[in-house]
Amino acid sequence: MALTKVSYSMITGAVANVLDFGATGDGTTNDTAAIQAAIDHIDTLGNGAVYLPAGTYKLTSALLVPYGVSIFGAGSTASILSCLNCDGLNFDSASYDGGNMFYSDFGITSHAGTTGNWAGVVSILPSGGTFGVDSRDGLYFYRLRIFDLNQAFIFNATWESHINECRVFRCNQAVSLGNYAMLFRITDCNFTYEGGWATGSADKRCVELLGTVTEGAMIRGCQLYGFPTALFVGNATFAIFNDNDLYGTNYGVNLVGAANTGMSIQNNYFEISADNAIGIQGGIQNTEISNLVEVVNNVFISAGGVTGTRGISVGTSLGTFQWNWRIRDNHFLGIQTADIQVFNAKNVIISGNRFDSTAPTNNITIVGGSAPYDSNYVMNNRLAKGISAEAADVADGRVMFYHNIISGVQTFGEVIFDEIKSTGNIYTHYDASFVNTAANFDVNYVLPDTSMHLVTAYMETATNTHLGPGVYAVVRQGTSSTVATITAFAGMTVTVTGAYKLNFANATGSNGIIKVSLTKTMIP
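Residues numbered from 1 in each chain as written. Predicted model: local features only at pLDDT ≥ 70, side-chain atom pairs only at ≥ 80, totals over all residues. Heavy atoms only, no water.

Points about the overall build of the protein
Phase 1: Along its length, the protein carries two helices and 54 strands.
Phase 2: Counting all 524 residues of the protein, 56% fall into the buried class.
Phase 3: Accessible surface, the protein as shown: approximately 20,500 Å² in total, 53% of it carbon and sulfur. (Helix = DSSP H or I, 4+ residues; strand = E, 2+ residues; numbered from the N terminus. Buried < 20%, exposed > 50% of the residue type's maximum accessible area, 1.4 Å probe, protein only. Areas by Shrake-Rupley, 256 points an atom, 1.4 Å probe, with all protein chains shown as cover.)

Regarding the nonpolar core
Phase 1: Core analysis: the largest hydrophobic core is formed by 98 residues, its most contacted members being Phe-141, Phe-153 and Phe-191.
Phase 2: What Phe-191 contacts, discounting residues up to four positions off in sequence, is Cys-166, Val-168, Ala-174, Val-175, Ile-186, Cys-206, Val-207, Gln-223, Leu-224, Tyr-225 and Phe-227. (Core = buried A, V, L, I, M, F, W, Y, C linked by side-chain atoms within 4.5 Å. Contact = heavy atoms within 4.5 Å.)

Comments concerning the sheet that holds strand 15 (residues 158–159)
Phase 1: A sheet is described by the order of its strands in space; here three strands give the open sequence 12-15-18, paired in parallel fashion. Here the strands that pair on one side only, and so sit at the sheet edges, are strand 12 (136–137) and strand 18 (181–182).
Phase 2: Bridge analysis of strand 15 against strand 18 gives two bridges, and the strand direction is parallel. Paired with Thr-158 across the bridge in strand 18 is Ala-181. (Pairing = 2+ DSSP bridges.)

Here we look at the pairing of strand 6 (residues 69–73)
Phase 1: Burial analysis of strand 6 places four of its five residues in the buried class, the great majority of the element.
Phase 2: Pairing between strand 3 (residues 48–52) and strand 6: five bridges, direction parallel. Bridge pairing in strand 6 links Tyr-51 to Phe-72.
Phase 3: Of the pairings in the sheet, the one linking strand 6 to strand 9 (residues 101–104) comprises two bridges and is parallel in character.

Points about the pattern of salt bridges
Phase 1: Enumeration over the complete set of coordinates arrives at nine salt bridges.
Phase 2: Its salt-bridge partner being Asp-329, residue Arg-328 comes within 3.5 Å of it at the nearest N-O pair.
Phase 3: When salt bridges with common partners are traced through the structure, they connect Asp-148, Arg-167, Arg-170 and Glu-194 into a single cluster. (Salt bridge = Lys/Arg side-chain N within 4 Å of Asp/Glu carboxyl O.)

As for the environment of Tyr-251
Phase 1: Note that Tyr-251 resides in strand 27 (residues 251–255).
Phase 2: Note on Tyr-251: relative accessible area 26%, which makes it partly exposed.
Phase 3: Residues contacting Tyr-251, with those up to four places away along its chain left out, are Pro-228, Thr-229, Ala-230, Ile-278, Gly-279 and Gln-281.

Remarks on the confidence of the model for the protein
Phase 1: Per-residue confidence for the protein gives a mean pLDDT of 78; residues scoring 70 or more make up 71%.
Phase 2: Ignoring residues within four places in sequence, the model shows residues 408–494, a span with pLDDT below 50, making 287 contacts including any to other chains.
Phase 3: Predicted confidence for residues 496–524 stays below pLDDT 50, and this span has 162 contacts to residues more than four positions away or in other chains. (pLDDT = per-residue confidence, 0-100.)

Here's the deal with the environment of Ser-95
Phase 1: With respect to the secondary-structure elements, Ser-95 resides in the loop between strand 8 (89–90) and strand 9.
Phase 2: Here Ser-95 falls in the partly exposed class, since its relative accessible area comes to 37%.
Phase 3: Put simply, Ser-95 and Ile-124 are 29 residues apart on the chain and 9.8 Å apart in space, counted from C-alpha to C-alpha.
Phase 4: Polar side-chain contacts of Ser-95 include one of 2.8 Å to the backbone oxygen of Ser-135. (Polar contact = N/O pair within 3.5 Å; in protein donor to acceptor, adjacent residues only side chain to side chain.)

Looking at the pairing of strand 40 (residues 376–379)
Phase 1: Of the two faces of strand 40, only one is covered, namely that formed by Asn-376 and Val-378; the face formed by Tyr-377 and Met-379 stays uncovered.
Phase 2: Pairing between strand 37 (residues 349–351) and strand 40: three bridges, direction parallel. Looking at strand 40, one finds that Ile-349 is bridged to Tyr-377.

Focus on the packing of aromatic side chains
Two aromatic rings are characterised by how far apart their centres lie and by the angle between their planes.
Phase 1: Evaluated as defined, the whole model comprises 18 aromatic pairs.
Phase 2: Here Tyr-67 and Tyr-96 contribute two aromatic rings whose centre-to-centre distance is 4.9 Å and whose plane-to-plane angle is 65 degrees, an arrangement assigned as edge-to-face. You can see Tyr-67 sitting in the loop between strand 5 (63–64) and strand 6 and its partner Tyr-96 sitting in the loop between strand 8 and strand 9, a full 29 residues away along the chain.
Phase 3: Take Tyr-67: its relative accessible area is 36%, and that puts it in the partly exposed class.
Phase 4: Residue classification places Tyr-96 among the buried positions, given a relative accessible area of 11%.
Phase 5: Consider the rings of Phe-141 and Phe-155, whose centres lie 5.8 Å apart with planes at 55 degrees: the pair is tilted. Here Phe-155 lies in strand 14 (residues 145–155) and Phe-141 lies in strand 13 (residues 139–142), a separation of 14 residues in the sequence. In this pair, the class of Phe-141 matches that of Phe-155, namely buried. (Phe/Tyr/Trp six-rings, centres within 6.5 Å; stacked < 30°, edge-to-face > 60°.)

Right under this line is the structure:
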């Protein structure tokens, strides 16, 4: 009786072992056709899995993976797809819905002699397809190891997929989510730059969100380290970036698009340790839908030996408005230039943060703003240094300050204003300014409501300033010509009503410093 050799892969419903289809895994034989044959075999069965035993499998063209076919290996350091001038896995040959396939426990890398722009995994719009109509979904990548390629993952026209516990290194880019890359989860991954891929031209961004429609991305629990930009957001809606550890030599998170809505950036650790690096950059925006950004409970830290670092920069000095940011409960330490900078923004609320950076002149700098109903608010913060804002913005209510505790000094234009105490309805402010000979200085304080207040002001200190005849400090309400004089270290109380300005002035005298204390008590 004749005997026929039977392989495990021939059993109905069994996993297809690529060795049974002629693959060698010796690192030199071209195994592309054999592995593709195993994939096609499972495809004819309708669904199933392909197994890559330990070995290095040379590829000369990408493996085309259809619906229903999963692939797994013996471990990401044991089973390796070695790609010679080609991508690794390609999912662009079909459009389908309701997928739930897994790809796990193998590695993808470049073969010796490879140059150019190749990627480990590609799932993009099928040829001749239409965005929003043709796509695939349910791709689950688990414990993959991708290295020495231009890009690791490229997606568009792909929905409801998950990258979990993957390791990417020596690539120019870890993940690119393009148009209609929807409802992606990237969790518990380790992405490190390590110099990238020298012959590839992809933008050096660890993760990028670029599509006209890119919605519901979640990046959580990952390490994004060493890339010039850790997270680049061109366009995204309702994206979550939480619980990550990241270091970007230019940007941690760079928001540059005109449709970034509903961004949540929470519980991350930003290491800002390259010259001029920025933890979070919010660039030029021009429509209100481009906002709703929450930055909550993050740590921004800069190590020694670097210069020009900034924690958060919202807007640009030349750009249109950024709107509706909420920056709260964050901690800043060791930042060099400014912990938070805000340019030409409106309805930005900075609250409950702790600023321990001592290198900046001011921890917070706000330039420009909008009408009072879209004011920017700085409140309930604890600062090591001060806050800088334009005097005109403060006077007109575009920037409002409440209950900030500051141990240094705070600048309004050319005037230093330091709020150090806030208890109930009693507010104490200290103002100090360099005063030139025969020159005035004004501190404009806008009362936050229309209630009547008693305001007590007095000279606290006067350093190198002559306090003889003709030298005095005055306080008046709004533009009133009535002047109440404060003599040296003597208190004076006036009654004011409504949102009016209080102006302090030193009329004449020698160069020096005058420090004035203002206490405001609401009248019941």
